[in-house]
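As a plain string of letters, each chain reads:
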Amino acid sequence: MNRELEILADRWEKRARRKWRDAEREQNPMGKRLIEHGATCYQNCARELREALKSVSPQSLTIEEGDQK
């Protein structure tokens, strides 16, 4: 589970980088701001997820079989 969340954070960071590059090429100022806003959202989500993962022990991420029922 922990690794899956790290992969998700990686994916969000990749999307943020792509959006920052796209924003550089955008000619419309409002379009550029919109793309930058999306990049910032992905970047912030990835950062928050990584911080949360640092404070959670690996044992607390595992689900007991009884909890799945």
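Heads up: the structure comes first, above all this text.
Described below are features of the structure shown in this document.

Conventions we followed
- Residues numbered from 1 in each chain as written.
- Predicted model: local features only at pLDDT ≥ 70, side-chain atom pairs only at ≥ 80, totals over all residues.
- Heavy atoms only, no water.
- Helix = DSSP H or I, 4+ residues; strand = E, 2+ residues; numbered from the N terminus.
- Expected span 1.5 Å × (residues − 1).
- Buried < 20%, exposed > 50% of the residue type's maximum accessible area, 1.4 Å probe, protein only.
- Polar contact = N/O pair within 3.5 Å; in protein donor to acceptor, adjacent residues only side chain to side chain.
- Contact = heavy atoms within 4.5 Å.
- Patch = residues over 30% accessible without salt bridge, like charges linked within 9 Å, V, L, I, M, F, W, Y side chains within 5 Å.
- Areas by Shrake-Rupley, 256 points an atom, 1.4 Å probe, with all protein chains shown as cover.
- Salt bridge = Lys/Arg side-chain N within 4 Å of Asp/Glu carboxyl O.
- Lys, Arg positive; Asp, Glu negative; His and termini not counted.
- Charge placed at Lys NZ, Arg CZ, Asp CG, Glu CD.

A word on helix α2 (residues 29–55). End to end, α2 covers 39 Å across 27 residues, agreeing with the expected 39 Å (1.5 Å per residue, within 8%). Looking at α2, one finds that the buried residues are Gly31, Gly38, Ala39, Ala46, Leu49 and Leu53. Between the side-chain oxygen at the start of α2 and the backbone nitrogen of Met30 there is a gap of 2.7 Å, and the oxygen is on Asn28.

Given a rise of 1.5 Å per residue, 24 residues ought to cover 34 Å, and the 36 Å separating the end C-alpha atoms of helix α1 (residues 2–25) matches this to within 8%. Along α1, the residues classified as buried are Ala9, Trp12, Ala16 and Ala23. Tucked inside the fold, the buried residues of α1 contact α2.

As a further point, take a positive patch on the surface. A surface patch of positive charge is lined by Arg11, Lys14, Arg15, Arg17, Arg18 and Arg21. Tracing the chain through its elements places Arg21 in helix α1.

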